[in-house]
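# Summary of the model geometry
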There are 2 protein chains.
Amino acid sequence: MIKTENTPIAEQELSTEEKILAAARSVFTKKGMSGARMQDIADEAGINKALLHYYFRSKEKLFDRIFEEASNKMFSILNSIIADEKLSVREKIKDLIENYINMAIANPYIPAFVMGEANQNPDFIKEYLIKKISVHKQLIAHFQEAISLGEIKPTNPVQLFMNVMSLAVFPFIVRPIFQAGFGVTDEQFNALMEQRKKHLVEFIMAAIKP
Amino acid sequence: MIKTENTPIAEQELSTEEKILAAARSVFTKKGMSGARMQDIADEAGINKALLHYYFRSKEKLFDRIFEEASNKMFSILNSIIADEKLSVREKIKDLIENYINMAIANPYIPAFVMGEANQNPDFIKEYLIKKISVHKQLIAHFQEAISLGEIKPTNPVQLFMNVMSLAVFPFIVRPIFQAGFGVTDEQFNALMEQRKKHLVEFIMAAIKP
DNA sequence: TAAAATTTTAACTAAATAGTTAAATTAAAC
DNA sequence: GTTTAATTTAACTATTTAGTTAAAATTTTA
């Protein structure tokens, strides 16, 4: 019998450390730092609070580990894409869209988690995120270059970058409101996001055509 | 001397109840329900905790008041636009963009606040938000109609609706990351958002042209 | 000015939660 | 089978935070 993602963390064949990390991932990404409870993490991992503190000294240490991991998933997506000199601007946009949507389908809570913590604790994020975002500047520079060459319509490249990110990421932030408001199931939402990859590429290509 | 928005709440000529509400607005929208402290609200209002509880019995009651107000600002924007039978689809999109961006410039913390609470407490939002969103279905229906009439390119109208919302709202959610990562001041950010109103209308119109 | 309403003071209580401890139990390794 | 490591138990402590109380001080109103 294959272990699915719905198998409770406590019952999975994982080391205790892995069970704790999986539980912490689940609780922190759903509830945030201030909303998460160490007892809830222990319960979800199927262990007790004493052992939880034996493995990870404090809530803060455990949170840091999870946030670091989540922000990497959020911001390291572009590293390989942007570095690739062979890709055209249009190919980069396509790859960005597909990679972000795939990541968010696989990790549904990460976008809202990272954005939420960044908003509730703006000073804290500076240490974590500033370095990881420098790569994105290269993408904006590439946009500028393509505009100068007449490959895409004259536009503020920062606005274009914001557009691509918005279109890919926002649905996963508004997701609970959207699903509740329109009565959409998880399966329907994921199907919409699968369809969205192609839809967005067409939408953006039409918008930037010179 | 004119009172600016930078005048501390505690020093403004407001009734005590108004001072409390202004302080609660400030603290809750920045820190969220679980991150907010009643003591911080009292401090920001320039009063003490006893008086705070004298006016609003509990944190929950005060939060409900602020969240209700914030979600109204977030979701009642479209009511007048969508009801207006005289507006074309393109005019509605333009109005939606302008109204959302204006609201978010005037209330910078509201989008991330409402989205954050919805994500951290999905059950809670159902009571609040489901009714307010029904209007949005009419807009999607209008999109569908315009597609059938060939006025705009064949598209999934739900995707188009998601696109318009994403483009207008997401920048205000990613704002702290964007400003920290790219070294953008508040003034520069607001200028970019002012420019964005026109930019987005052009971007979307190009994307949906049949 | 006297009475009434508002606000402060400061010391409380109650509850929730992070984190600790030491002994007992169980599982793994040798 | 004995030793060692991992885990549980359960009762702790310390801290934070929501919420209360009663009396005193202040401000407003009549």
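Residues numbered from 1 in each chain as written. Chains lettered and ligands numbered in written order. Predicted model: local features only at pLDDT ≥ 70, side-chain atom pairs only at ≥ 80, totals over all residues. Heavy atoms only, no water.

What follows is about the pattern of salt bridges. All told, the structure shown has 14 salt bridges over all chains when counted by the stated rule. In this structure, the salt-bridge partner of D186 of chain A is R175 of chain A, at a minimum N-O distance of 3.6 Å. With D186 of chain A in helix 10 (residues 186-208) and R175 of chain A in helix 9 (residues 157-182), this residue pair connects regions lying eleven residues apart in the sequence. Judged by relative accessible area, which is 12%, R175 of chain A ranks as buried. Between E194 of chain B and K197 of chain B there is a salt bridge, with the nearest N and O atoms lying 3.0 Å from each other. Taken together, the residues span about one helical turn, with E194 of chain B and K197 of chain B both in helix 10 (residues 186-208) at a distance of three residues. Its relative accessible area of 13% is what places K197 of chain B among the buried residues. (Salt bridge = Lys/Arg side-chain N within 4 Å of Asp/Glu carboxyl O. Helix = DSSP H or I, 4+ residues; strand = E, 2+ residues; numbered from the N terminus. Buried < 20%, exposed > 50% of the residue type's maximum accessible area, 1.4 Å probe, protein only.)

Our next topic: the protein's contact with DNA strand D. Taken together, 16 residues form the shell around DNA strand D, and within it T16 and Y55 of chain A together with R37, K49 and K59 of chain B come nearest. When the atoms of DNA strand D within 4 Å of the protein are grouped by moiety, sugar and phosphate amount to 65% of the total. In the environment of DNA strand D, a phosphate oxygen lies 3.5 Å from a nitrogen or oxygen atom belonging to the backbone of A36 of chain B. Among the secondary structure elements, those contributing two or more residues to the surface near DNA strand D are helix 3 (49-55) of chain A together with helix 2 (38-45) and helix 3 (49-55) of chain B. No other element matches helix 3 of chain A, which puts four residues into the surface near DNA strand D. Tallied by class, residues from the surface near DNA strand D come to eight nonpolar, five polar and three charged. (Near = heavy atom within 4 Å. Polar contact = N/O pair within 3.5 Å; in protein donor to acceptor, adjacent residues only side chain to side chain. Nonpolar A, V, L, I, M, F, W, Y, C, P; charged D, E, K, R; others polar.)

A separate point is the packing of helix 1 (residues 16-35) of chain A against helix 2 (residues 38-45) of chain A. All names here are of chain A. For the pair helix 1 and helix 2, the least separation of the axes is 8 Å and the interaxial angle reads 130°. Compared by their axis directions, helix 1 and helix 2 come out oblique. Helix 1 and helix 2 meet at a crossing whose hand is right-handed. Facing helix 1, whose interface residues are K19, I20, A23, A24, S26, V27 and F28, helix 2 presents D40, I41, E44 and A45. Residues that form the contact of helix 1 with helix 2 fall into these classes: seven nonpolar, one polar and three charged. (Axes fitted to C-alpha atoms, helices over the stretch in contact; angles between N-to-C directions. Parallel < 35°, antiparallel > 145°, perpendicular 65-115°, else oblique. Left-handed = near helix turned anticlockwise from the far one by under 90°. Contact = heavy atoms within 4.5 Å.)

What follows is about the environment of N48 of chain A. Residue and element names in this part refer to chain A. The residue N48 is located in the loop between helix 2 and helix 3 in this model. In this structure, the C-alpha to C-alpha distance between N48 and M38, residues ten residues apart in sequence, is 9.7 Å. Within polar-contact distance, the side chain of N48 engages the backbone nitrogen of L51 at 3.0 Å.

What follows concerns the relation of the copies chain A and chain B. When chain A is brought onto chain B, the operation consists of a screw motion whose angular component is 180° and whose axial shift is 0.0 Å, with 0.0 Å RMSD remaining. In the structure described here, the two chain copies are related by an operation that fits a two-fold rotation axis. Among all C-alpha atoms of chain A, that of A207 of chain A lies closest to the rotation axis, at 2.1 Å. Interface overlap between copies is the fraction of interface residues in one copy that are interface residues in the other; for chain A against chain B it reaches 100%, indicating a shared surface. (Least-squares fit on C-alpha atoms with pLDDT ≥ 70 in both.)

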